[in-house]
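Inside the fold
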Amino acid sequence: MSGKEDDGHTVNTRSFKMIWTFFHFGALLLGAFTSPTPSPSPTSSTDEGVCHIYNSGRSADCLGRQLEGVPWKQFPSTLEDIDLSYNKLQAVYAEDFLRLPKLQILKLRYNNISHIDNDAFKNNILLEQLDIFNNSLQEIPATALTPLMNLKELKMSNNLYKHVTLADSFSKFVKLKVLSMGGPLVMGLKKADFQPLKNIKLEVFAIKCSSNLSYYEPGSLEIIQTKQMGFDMAIDQRPNALLHMLHDLANKTFSVIQFRNLFEFMYYMGDEDIFQGLKHITAHQLIFHRGKFNENLLRMALINLQVAPIKRLRLQYIDFARSPTFVNSGAGSSITDLALDKLDLWYISNPDVLRFDWRFTWFNKIKELSIQYVYFNSVPCDSWVEMEGVEFLDVSNNRLQNEFLFNQQCDYKGTMPSLHTFNMSNNDLTSLKDLSSLTREFHQLQVLDFSNNKLGSAENCQDCIWQKNITRLIAHHNQFISEALCCLPTTVQYLDLSYCNLDHLDITYFEKATNLKELLLSGNKIKFIPSKWESPSLQSLALDGNSFGLISKESFEDMPQLSRLRAGNNPYHCTCELHAFVQDTMSKGKVNLTDWPWNYKCYHPEALLNTAISKYFPGQVACDIRLVIIICVATTAAVILILMLICYIFDLPWYTKATYQIIRAKYRAHKEKMAGELGTFTYHAFISYCHSDADWVRDQLLPCLENNKDPYRLCIHERDFMPGRWIIDNIIDNIESSRKVIFVLSRHFVNSEWCNYELYFAQQRAMGKTFSDVILVVKEPIDPSSLPSKYCKLKKMLSTKTYLEWPQQVNQQAFFWSQLKSVLGKPTMTRDGAHSIKSRTSSIGGISVIGPLIDRRPDTATPNVDKETKSQKEIINRNNDELSNQRQIPVVAF
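Note that this is a predicted model, so its numbers are computed, not measured. (Residues numbered from 1 in each chain as written. Predicted model: local features only at pLDDT ≥ 70, side-chain atom pairs only at ≥ 80, totals over all residues. Heavy atoms only, no water.)

Examining the overall build of the protein chain
- Scanning the protein chain from terminus to terminus reveals 23 helices and 36 strands.
- Here the protein chain, with 894 residues, has 50% of them falling under the buried criterion.
- Here the protein chain displays about 42,300 Å² of accessible surface, and carbon together with sulfur accounts for 52% of that area. (Helix = DSSP H or I, 4+ residues; strand = E, 2+ residues; numbered from the N terminus. Buried < 20%, exposed > 50% of the residue type's maximum accessible area, 1.4 Å probe, protein only. Areas by Shrake-Rupley, 256 points an atom, 1.4 Å probe, with all protein chains shown as cover.)

With respect to the environment of Gln-90
- Take Gln-90: it is sitting in the loop between strand 3 (81-83) and strand 4 (91-92).
- Among the residues examined, Gln-90 registers a relative accessible area of 51% and is labelled exposed.
- Distance from Gln-90 to His-115, taken between C-alpha atoms, is 7.0 Å for residues 25 residues apart in sequence.
- For Gln-90, the contacting residues outside a window of four places in its chain are Glu-68, Asn-112, Ile-113, Ser-114 and His-115. (Contact = heavy atoms within 4.5 Å.)

With respect to empty space enclosed by the protein
- For the structure shown, the criterion picks out two cavities of 30 Å³ or more.
- Within this model, the second largest cavity holds a volume of roughly 30 Å³.
- Taken together, the residues that form the lining of the second largest cavity break down as five nonpolar, no polar and three charged. (1 Å grid on protein atoms, 1.4 Å probe; cavity = no way out; pocket = protein on both sides within 12 Å on 5 of 7 lines; lining within 4 Å. Points joined across faces, edges and corners; volume = space filled by probe spheres on them. Nonpolar A, V, L, I, M, F, W, Y, C, P; charged D, E, K, R; others polar.)

Considerations on a positive patch on the surface
- Taken together, the side chains of Lys-152, Lys-175, Lys-177, Lys-201 and Lys-227 define a basic patch exposed on the protein surface.
- In this fold, Lys-175 is placed in the loop between strand 8 (153-155) and strand 9 (178-182). (Patch = residues over 30% accessible without salt bridge, like charges linked within 9 Å, V, L, I, M, F, W, Y side chains within 5 Å. Salt bridge = Lys/Arg side-chain N within 4 Å of Asp/Glu carboxyl O. Lys, Arg positive; Asp, Glu negative; His and termini not counted. Charge placed at Lys NZ, Arg CZ, Asp CG, Glu CD.)

Things to note about the packing of aromatic side chains
- This structure, assessed with the given rule, holds 34 aromatic pairs.
- Judged by centre distance (6.0 Å) and plane angle (80°), the rings of Phe-548 and Tyr-572 are edge-to-face. Placement of Phe-548 in the loop between strand 27 (540-542) and strand 28 (564-566) and of Tyr-572 in strand 29 (residues 572-573) is noted, with a sequence separation of 24 residues between them. Taken individually, Phe-548 and Tyr-572 each receive the classification buried, so the pair is uniform in this respect.
- Chaining the aromatic ring pairs together yields one cluster made of Phe-231, Phe-259, Phe-275, Phe-288 and Phe-293.
- The ring of Tyr-317 has Arg-290 lying over it, and the distance from NZ or CZ to the ring centre is 5.0 Å.
- One Lys or Arg, Arg-399, reaches over the ring of Tyr-375 and ends 4.2 Å from the middle of that ring. (Phe/Tyr/Trp six-rings, centres within 6.5 Å; stacked < 30°, edge-to-face > 60°. Lys NZ or Arg CZ within 6 Å of the ring centre and 35° of its normal.)

A few points about a nonpolar patch on the surface
- Together, Val-639, Ile-642, Leu-643, Leu-645, Ile-646, Tyr-648, Ile-649 and Phe-650 make up an exposed nonpolar region whose accessible area comes to about 860 Å².
- On the accessibility criterion, Val-639 (43% relative accessible area) is partly exposed.

Section: the state of the cysteines
- The full count for this structure, using the stated rule, is four disulfides.
- The disulfide bridge from Cys-51 ends at Cys-62, spanning 2.0 Å between sulfur atoms. Across the disulfide from Cys-51 to Cys-62, rotation about the S-S bond amounts to roughly 120°, and the bridge is consequently right-handed. Pair noted here: Cys-51 is in the loop between helix 2 (11-30) and strand 1 (52-54) and Cys-62 is in the loop between strand 2 (59-61) and strand 3, with a separation of 11 residues, a long-range link. Each member of the pair Cys-51 and Cys-62 is classed as buried.
- Here Cys-574 engages in a disulfide with Cys-602; their sulfurs sit 1.7 Å apart. As the torsion about the S-S bond is roughly -85°, the Cys-574-Cys-602 disulfide counts as left-handed. With Cys-574 in the loop between strand 29 and helix 10 (576-588) and Cys-602 in strand 31 (residues 602-604), this pair connects stretches of sequence that are 28 residues apart. Per residue, the accessibility class of Cys-574 equals that of Cys-602, and both read buried. (Disulfide = S-S within 2.5 Å.)

Examining the pattern of salt bridges
- Evaluated as defined, the whole model comprises 18 salt bridges.
- With a closest N to O distance of 3.1 Å, Arg-566 and Asp-544 form a salt bridge. Residue Arg-566 is located in strand 28, and its partner Asp-544 is located in the loop between strand 27 and strand 28; the two are separated by 22 residues in the primary sequence.
- Exposure remark for Asp-544: the relative accessible area of 13% places this residue in the buried category.
- The residue Asp-695 makes a salt bridge to Arg-698 at a minimum N-O spacing of 2.6 Å. With a gap of three residues between them, Asp-695 and Arg-698 both fall in helix 14 (residues 694-706), about one helical turn apart.
- Asp-695 gets classed as partly exposed once you look at its relative accessible area, which sits at 46%.
- Using a relative accessible area of 28% as the deciding quantity, one classes Arg-698 as partly exposed.
- Several salt bridges share partner residues, and in doing so they unite Lys-208, Asp-232 and Arg-260 into one network.

So, the side chain of Ser-522
- Locating Ser-522 in the fold gives a position in the loop between strand 26 (518-520) and strand 27.
- On the basis of relative accessibility, which here comes to 4%, the residue Ser-522 falls in the buried class.
- Residues in contact with Ser-522, not counting those within four places in the same chain, are Ser-498, Tyr-499, Ala-542, Asp-544, Asn-546 and Arg-566.

Describing unusual backbone geometry
- The amide bond that connects Trp-596 to the next residue, Pro-597, takes the cis arrangement and shows omega of 0°.
- You can see Pro-597 is positioned in the loop between strand 30 (592-593) and strand 31.
- Phi at His-477 takes a positive value of approximately 55°, unusual for a residue other than glycine.
- Position of His-477 relative to the elements: it lies in the loop between strand 24 (472-474) and strand 25 (494-496).

Some points on the sheet that holds strand 35 (residues 774-778)
- Read across the sheet, five strands follow the order 33-32-34-35-36 without closing on themselves; strand pairing throughout is parallel. Two strands bound the open sheet, and with one partner strand each, they are strand 33 (714-715) and strand 36 (804-805).
- With respect to the sheet, helix 16 (residues 727-736) is in contact with strand 32 (683-688), strand 33 and strand 34 (738-745), its orientation differing from that of strand 34 by roughly 120°. (Pairing = 2+ DSSP bridges. Axes fitted to C-alpha atoms, helices over the stretch in contact; angles between N-to-C directions.)

Points about the confidence of the model for the protein chain
- Residues at a pLDDT of 70 or more form 81% of the protein chain, whose mean pLDDT is 82.
- Note on residues 1-25: pLDDT is under 50 here. Beyond four places in sequence and across chains, it has 59 contacts.
- Segment residues 27-49: pLDDT under 50, and 69 contacts once partners within four positions in sequence are set aside and those in other chains are kept. (pLDDT = per-residue confidence, 0-100.)

Re the packing of helix 14 against helix 20 (residues 810-824)
- Contact pair helix 14 / helix 20: the axes reach a minimum separation of 11 Å and the direction vectors enclose 65°. In terms of crossing hand, the pair formed by helix 14 and helix 20 is right-handed. Together, Trp-696, Gln-700, Leu-701, Cys-704 and Leu-705 of helix 14 and Trp-817, Leu-820, Lys-821 and Leu-824 of helix 20 make up the contact between the two elements. (Left-handed = near helix turned anticlockwise from the far one by under 90°.)

Some words on the pairing of strand 34
- In terms of burial, strand 34 is a largely internal element, eight of the eight residues being buried.
- In this sheet, strand 34 lies alongside strand 32 in parallel orientation, the contact comprising five bridges. Bridging from a neighbouring strand, Ala-685 pairs with Lys-740 of strand 34.

Focus on the environment of Ser-214
- Turning to its location among the elements, Ser-214 is positioned in the loop between strand 11 (204-208) and strand 12 (215-216).
- On the basis of relative accessibility, which here comes to 26%, the residue Ser-214 falls in the partly exposed class.

Quick look at the structure:
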């Protein structure tokens, strides 16, 4: 059955193909289903009179060139096929095709040819197909056709000859298979007309006569041997002629018999059964094309078909009307034994044809019933009951609405017990629920087609219960929303949802449809492929023409049976993920991309727009994440090693630390300035050092800070202490008169008591102010933990206060001086002290005259020093009682 043989196409599509196949056959049979007036040219050319030569000089297309003569001078001698249809040719002359000995196909239809030379085809003995349909020939050109012994197809109907008597030369056309002849001026047929065809077995024979048939001699068609017979003649005036024609066809077997315009102008009103000859004819199909049928005539035909060995009946483009004389005699007038394999009712003008005898009993034993373009608006309840033998039902193209097809008052239980395929495509159906209610009781239903409707809205897709035998569902060209998928049957193995405006998929449905093997989703608007899309039985998937741009190996990993995939014509993002998918699919060969590579092009990025994905090859580094990680790690490690090497070679940590100290010092100076704590001092800095470091102070420190364009004013005890004053007073006054105090720390500094005093006084001065005034310069490395406990102040400062280290490398010393100057701040004007350096000191060779007063060498046990120390202590005790009460100064030996 055709419904079962449909593979991937809709039932409706198949029906249309069948329609146009038979239309073509009708044209072939009758040659002139249109009026003698030529149809408009199907093609046009701006280059009038020029033919298109193609197929390596073997074919010429001169169709619709408005030619008035055959352009034989333009034809190469290699031509085998020429189409000169739809032109203005009036004659065919001997020289037109003389130089074309290889000519096999010649089409001259729809011209105005009234004359053909007798020698027109004498050099075309290989000609197999000649088409001179719809011209103005006054007679059959028998002499011109005589040389064509290889002729297989001859179409010369719809010309102006009045008789169809064939010349004896036609008996030599033993290869002839297709013959159409006749025209609007042929008034009738005679028995002798076709005698030359007595021994020729045709495949197609078509005869056209006048719309007003005047005579038909019995036996006229008896001689014809053919598989397909076509009649284009109206028997309005001589309806009895049909009896003789059917008698001539009796006891023969045909594949198709077609009657065109059997009654062209009036309905048959007679009582004689003119179809009684059908019972003696064996034919696979009987076609009535156009013409007028009333109830009586249709009933005559059907009564005879009940007993005739004819399996298929088609009524198309029929003008049907009720018969005024028809008497409804109840069951007696019903057609109950019409056993046909297929009944087609196409383009019937009146839907009453469905129940022409006021019943539907004539559908009872029909296996395949196709009702198209009848536009009926209701299906009575009893019609479903009567169609008990129907296996294939096609009601497409009828503008059916829900209420036309499904009547809630009908009881569908037990109806359509044999229905296997139901086609409802190309209607106005909107409710899936109504369709499920209608077909729920069709227990044998397996194939359902409701494509090209308006199904899929949210409000009409609730509580759907389908017959569990449905395995094939065709629903393309509807308006589905994703939520409506839940109203589809879940037992299907084939599902076509192409062109349904779906923008995403409801995975819940596919989880339930465990038997689904083939899914078509072409032409939708799906923006992404759902993750975790599980379909264990799916073998074929079509996703072409959607809107997603990403696809990866993981997209279909939960479809273990998938073997065919069509996913072209999507706006792909050409990324490593897509490239990996293509490479994996191509290499494994498990999934066949059926439309690869033509329909796969890049949409993003813009630089790759319209680039074929088959030619997209991203770099390995860009796509291999493991390689990227390895390169990044290796590069980072190399950079770190290089930086470490640079730091080691150029002492970068030391410079970094020193730079940090300079910046910090500048920040502190700025902070002090903003706080208004910068007063006016006599000295920029007081230098505290031991005797062992005096050379470094004189040779390094003083020249660097004092011998500049902007010199610092420094205070050292050798040069700047006031002679005659107590040492303690000098220390205190000069520390107070200095902005900063610089301590030059070394192992010898630790052993000097006086340096410890100065450190103590400097700390006392810093109380209430800031410790930024104290600058520690470590000339030699000192371990704070190794210092005696009495130097707790120094220990604390070394552990909490950042200090400057004198670098031993010469190349780092310039940076040391920059750090020290940064800590000291910018040299500013200082007030002149009460005792200027020049007035207090006179240096010889850089040695102060007061130098011997204070010796900061390590303590030694000499009698003179002990005496001096003792004397000095007494003086201090007498004159500085207040100072002694406030500060407990240990005894220091000089």
